[in-house]
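Below are the chains, spelled out letter by letter.
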Amino acid sequence: VMNDIITTMFNKKFMEELFKPQELYSKKALRTVYDRLAHASIMRLNQASMDKLYDLMTMAFKYQVLLCPRPKDILLITFNHLDAIKDFVYDAPGILNQVDETFRQLIEVYGCLSAGEFQLIRQTLLSFFQDMHIRVSIFLKDKVQNSNGRFVLPISGPVPWGTEVPGLIRMFNHNGDEVKRTEFTTDGNYVLPQREGSFDLYGDRVLKLGTNMYSVSRPVETHMSGSSKNLASHAKENIVPNPLVKEELNFLARLLGGMEVKKPGGSETGFRLNLFTTDEEEEHAALTRPEELSYKVINIEATQEPGPRDELSRILGALEVEEPQAGGAAKGEDLLALMDAL
C-alpha cells in the first residue's frame, strides 16, 4: 500500500505540474488531489475517515509552517518529510529514485531563494490555512494547541539560525560606530542553535518539525473547535468564477492522465481503513460533521481498456477550454461539479 501511494505521489507528470510556477490551488482542488492520492492503492476510506485524515494532515502541516524558526526552514521540514518517505521505500530502488529525483528538484529550485522569497511562501501558506482551527488530541496533550484550535508559539528554546539570543540593545552613531549597549531581561529561555540543518540530499536536518509525530504511541482525535463551528456557515466556496479555475482544471486533467489507480484484483480483495475506534463512531462522525466542511469523495474511472480510455481522453480534451468571454461563464468553472460529471 505504501509503495503504491508513494509511487503515485511522486509520479513524474505530477511532480512536473507541482514544480511549475503557479498560484495556490483552491481548497477544493487540494482536497480532490488528496483524495486521489489516498486512494491510489487497494486501501479505501469512507467519508468520515477521509475527513478526519484530511483534518489531521492540514493541521499538522499548518503547525509545522507556523512554528518553523525562520522561513527557509520550510525547506528543512520538507526534507524531513522526504527522509521519512525514503525510509518507507528503502527496499524499492525504483520508487527511491523517484523520491531522490524530487529531492534534487527541490534543492535546485528552492535552495537558491532569498529569505524574503521564503517569507512570501510562508505567509502564502499561512493565509491558506488561517481559517482552519481543528483540535487534534496529540497537539492538545503536548500543550502546543489551545482548546479553541489555535497553536501556541513558544517563547523559549533555540533561536533561528543566524540570529542572536534576545536581551541586548546596541546603539550606533551616524558613523556606524557602537556608542552604547543596554541589556534587558526576557521571559523566555533562549539558546543559540548548535548548527544549521543540512540542505543536502543526505544529512542531519537538526530541525525536528516534519518528523514522525507518532514516535510515542497515543490516540489521535480531531474535533471542530468553537471558532470553526462558527465559520462553518461561511465555509462554502465563493460561487463567483475563479480566475485560476482553468489552471486547476488543466492540472487535474494532466494528473488524471498521468496516474494509475490500483484496483483490487485476483487475491487482493482490498481493505478499508477506519481512523475511528469503532464503525459506530465513524458513522456518528459522518452524521455530525457540518455539511459545509465535508467533501464528497470523487471516484474516477481511468482503466486501460480502449473504450473507457478513449472516453476519458475525450473528456480530458474538453477541459482545454477557451478563455471565457466578457459577461459569460465558461463550462466547468465549478471544479467539483466538473469532476462529479466525470
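Cut-offs used in this document
- Along each chain, numbering runs from 1 in the same order as the chain's sequence is written.
- Thresholds applied to this predicted model are a pLDDT of at least 70 for local features of residues and 80 or more for the giving and counting of side-chain atom pairs; totals over whole chains, interfaces and linings are not thresholded and use all residues.
- Side-chain numbers here rest on the full set of heavy atoms in the structure, without hydrogens or water.
- The numbering of helices and of strands both runs from the N terminus, where a helix is a DSSP run of H or I of at least 4 residues and a strand a run of E of at least 2.
- Partly exposed residues are those whose accessible area sits between 20% and 50% of the maximum for their type, while under 20% is buried and over 50% is exposed, using a 1.4 Å probe and protein chains only.
- Contact between two residues is taken to exist if any of their heavy atoms lie within 4.5 Å; hydrogens are not considered.
- Here the open area of atoms and residues is found with the Shrake-Rupley method and a 1.4 Å probe, where only the protein chains shown may cover a residue.
- Definition of nonpolar core: a set of buried residues of the types Ala, Val, Leu, Ile, Met, Phe, Trp, Tyr and Cys, connected through side-chain atoms within 4.5 Å.
- Every patch collects residues that have over 30% relative accessible area and no salt bridge, joining them within 9 Å if they carry like charges and within 5 Å if they are nonpolar side chains (Val, Leu, Ile, Met, Phe, Trp, Tyr).
- Only one rule defines a salt bridge in this text: a Lys or Arg side-chain nitrogen within 4 Å of an Asp or Glu carboxyl oxygen.
- A helix's residues, less one, multiplied by 1.5 Å, set its expected span.
- Nitrogen and oxygen atoms within 3.5 Å of one another constitute a polar contact, given that in protein one can donate a hydrogen and the other can accept it, and given that sequence-neighbouring residues count only through two side-chain atoms.

Looking at an unreviewed UniProt entry, one finds the chain named OSCP1 protein, with Crotophaga sulcirostris as its source organism.

## Some thoughts on the overall build of the chain
Secondary structure assignment for the chain yields 13 helices and 8 strands. The buried share of the chain, taken over its 342 residues, is 38%. For the chain, restricting intrachain contacts to residue pairs at least 6 apart in sequence, the fraction spanning at least 24 positions comes to 75%. When the accessible surface of the chain is totalled, it reaches about 20200 Å², and 55% of it is carbon and sulfur.

## Overview of the side chain of K86
Its place among the elements puts K86 in helix 5 (residues 73-88). If sequence neighbours within four positions are ignored, K86 has contacts with L96, V99, D100, F103, L201 and Y202.

## So, unusual backbone geometry
Backbone geometry at K143 places phi at a positive 60°, although glycine is not the residue there. Residue placement: K143 occurs in the loop between helix 8 (137-141) and strand 3 (157-158). For K143, a relative accessible area of 67% corresponds to the exposed category.

## Description of the nonpolar core
One finds I6, F10, Y63, L82, F139 and L209 to be the most contacted residues of the largest nonpolar core, which totals 44 residues. Counting only elements with at least two residues in this core, the list comes to helix 2 (12-18), helix 3 (27-38), helix 4 (47-67), helix 5, helix 6 (93-110), helix 7 (115-129), strand 2 (134-136) and helix 8. When residues of this core are assigned to their parent elements, the largest contribution, 7 residues, is made by helix 5. Setting aside anything within four residues of it in sequence, one finds F139 in contact with M59, A60, Y63, V144, Q145, F151 and M213.

## Side note on the environment of N274
Within the secondary structure, N274 is located in the loop between strand 8 (271-272) and helix 11 (279-288). Residues N274 and M50 lie 224 residues apart in sequence; the distance between their C-alpha atoms is 8.8 Å. Those residues in contact with N274 that sit more than four places away from it in its chain are S49, D279 and E282.

## Notes on the environment of L66
Relative to the elements of secondary structure, L66 occurs in helix 4. The contacts of L66, once residues within four sequence positions are left out, are R122, L126, F151 and L153.

## Let's talk about a nonpolar patch on the surface
Together, I169, M171, V179 and F184 make up an exposed nonpolar region whose accessible area comes to about 340 Å². Relative to the assigned elements, V179 resides in strand 5 (residues 178-183). A relative accessible area of 55% means that V179 is categorised as exposed.

## Focus: helix 4
Its 21 residues place the ends of helix 4 30 Å apart at the C-alpha level, agreeing with the 30 Å of an ideal helix rising 1.5 Å per residue. Counting buried positions over the 21 residues of helix 4 gives 16, a clear majority of the element. Among the residues of helix 4, the N-terminal cap falls to N46, whose side-chain oxygen and the backbone nitrogen of A48 are separated by 3.2 Å.

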